[in-house]
Amino acid sequence: MFNLILFGPPGSGKGTQSEKLIEKYGLMHLATGNILREEIANKTALGLSAKGFMDRGELVPDEVVIGMIRSAIENNPGIRGFLFDGFPRTVAQSVALDNLLAEKDAQIDLVLALQVSEDELIDRLINRGKTSGRTDDVNENIIRARIGEYENKTSPVAGHYSKSDKVVKVKGEGSIDDIFNQLTKEIDHKQN
Ligand code: B4P
């Protein structure tokens, strides 16, 4: 298996680049934000419990997202690998992910960390909010709260994987295709 984490703050291009990467490498895309929005749209109990957190720009509790990832991994045996997008977002989530993969004799092979300035993140998300209908993209205070959650709770995840030398920083500003080329260079280097 080849398991990749695409890491970065909200608006750094994780979702955008993931779509292109799964196509090129045949990985299964596991995006916790997308799964949560689907649960909300289907008005499931999980979705209803997550909605308030997401609308305030806060992280959804660890046990909820870890449970989602556990089912996804267990329901997809024999897969080439996973691309984790927006997960893990806390050190507790990373430890849980490492344990889930170890049960399958697998591990995280590479963490690609997109680097984007805060001003650019805010511009991109406000822009997306004009058309996406996403309640967490329309208000600058909520966007700032999401960036704050990232700095406090999510950035330590990079430290967790740096210990085993798995993190590679990639510039996340510039054209989508140029960034994609940089990401593929790092993946190809790791796989060869
Ligand atoms: P996510 O769905 O993961 O949302 P995101 O981080 O805002 O999106 P992403 O970073 O993928 O957006 P992209 O850059 O592609 O999470 C939403 C919420 O769900 C969280 O706030 C949290 O509440 C909850 N949640 C999700 N996972 C969780 C977890 N594991 N634990 C707890 N809570 C969790 O796109 C941004 C915009 O930039 C787009 O409009 C795109 O077109 C544009 N863009 C992309 N690349 C560009 C480039 N190179 N140049 C210019 N614009 C670009």
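Quick caveat, the model's predicted, so the values are computed rather than measured.

> Describe the side chain of Glu-149, naming the residues involved and giving the relevant values.
Looking at the secondary structure, you find Glu-149 in helix α7 (residues 140–162). For Glu-149, a relative accessible area of 12% gives the class buried.

> If you had to explain the site of the ligand to someone new, which residues and values would you point to?
Near the ligand there are 29 residues, and of these Gly-13, Thr-32, Arg-37, Glu-58 and Arg-146 occur at the shortest range. Separating a nitrogen atom of the ligand from a side-chain N or O atom of Thr-32 is a distance of 2.7 Å. At a separation of 3.3 Å, an oxygen atom of the ligand approaches a polar side-chain atom of Arg-134. In a pocket analysis with a 2 Å cut-off to the grid points, the ligand is assigned to the largest pocket. Those elements that place two or more of their residues in the shell around the ligand are α1 (14–25), α2 (32–41), α6 (118–132) and α8 (176–191). Of all the elements, α2 adds the most residues to the shell around the ligand, at four residues. Class assignment for the residues of the shell around the ligand results in ten nonpolar, ten polar and nine charged.

> Kindly report on the packing of aromatic side chains, identifying the contributing residues and their values.
On inspection of all chains with the given rule, the structure shows three aromatic pairs. Taking 5.9 Å as the distance between ring centres and 45 degrees as the angle between the ring planes, the aromatic pair formed by Phe-7 and Tyr-150 counts as tilted. You can see Phe-7 sitting in strand β1 (residues 4–7) and its partner Tyr-150 sitting in helix α7, a full 143 residues away along the chain. According to the relative accessible area criterion, Tyr-150 is buried, its value standing at 16%. Where Phe-82 meets Phe-84, the ring centres are 5.7 Å apart and the plane angle is 40 degrees; that geometry is what we call tilted. Take Phe-82 and Phe-84: they sit in the same class, and that class is buried. Lying over the aromatic face of Phe-180, Lys-20 brings its terminal NZ or CZ to 4.8 Å of the ring centre.

> How would you sum up empty space enclosed by the protein? Please name residues and give values.
Considering all chains together, one arrives at one cavity of 30 Å³ or more under this definition. Looking at the largest cavity, its volume works out to about 60 Å³. Lining the largest cavity are Ile-5, Leu-6, Phe-7, Gly-8, Lys-14, Gly-86, Phe-87, Pro-88, Arg-89, Tyr-150 and Thr-154. Of all the secondary-structure elements, those providing two or more residues to the lining of the largest cavity are β1 and α7. Considering each element in turn, the lining of the largest cavity owes the most residues, three residues, to β1.

> Just give me the short version of the sheet that holds β1, but keep the residues and values in it.
Strand order in the open sheet made by the five strands is β2-β3-β1-β4-β5, with parallel pairing throughout. Either end of the sheet is taken by a strand with one partner, and the two such strands are β2 (28–31) and β5 (167–171). On average, adjacent strands in this sheet sit at an angle of 20 degrees to one another, irrespective of strand direction. Where strand β4 (residues 110–115) meets β5, five bridges bridge the pair, whose relative direction is parallel. Bridge pairing links Leu-112 to Val-168 in β5. Of the strands in this sheet, β1, β4 and β5 touch α7, which is tilted by about 145 degrees from β1.

> Which residues make up the pattern of salt bridges, and what are the values?
Throughout the structure, instances matching the rule amount to twelve salt bridges. A salt bridge links Arg-56 to Glu-58; the nearest nitrogen and oxygen atoms lie 3.2 Å apart. Residue Glu-58 is classed as partly exposed on the basis of its relative accessible area, which comes to 34%. Each member of the salt-bridge network shares a partner with another, and the members are Arg-128, Arg-134, Asp-136, Asp-137 and Arg-146.

How each quantity is defined
Residues numbered from 1 in each chain as written. Predicted model: local features only at pLDDT ≥ 70, side-chain atom pairs only at ≥ 80, totals over all residues. Heavy atoms only, no water. Helix = DSSP H or I, 4+ residues; strand = E, 2+ residues; numbered from the N terminus. Buried < 20%, exposed > 50% of the residue type's maximum accessible area, 1.4 Å probe, protein only. Near = heavy atom within 4 Å. Polar contact = N/O pair within 3.5 Å; in protein donor to acceptor, adjacent residues only side chain to side chain. 1 Å grid on protein atoms, 1.4 Å probe; cavity = no way out; pocket = protein on both sides within 12 Å on 5 of 7 lines; lining within 4 Å. Sits in = over half its atoms within 2 Å of the grid points. Nonpolar A, V, L, I, M, F, W, Y, C, P; charged D, E, K, R; others polar. Phe/Tyr/Trp six-rings, centres within 6.5 Å; stacked < 30°, edge-to-face > 60°. Lys NZ or Arg CZ within 6 Å of the ring centre and 35° of its normal. Points joined across faces, edges and corners; volume = space filled by probe spheres on them. Pairing = 2+ DSSP bridges. Axes fitted to C-alpha atoms, helices over the stretch in contact; angles between N-to-C directions. Contact = heavy atoms within 4.5 Å. Salt bridge = Lys/Arg side-chain N within 4 Å of Asp/Glu carboxyl O.

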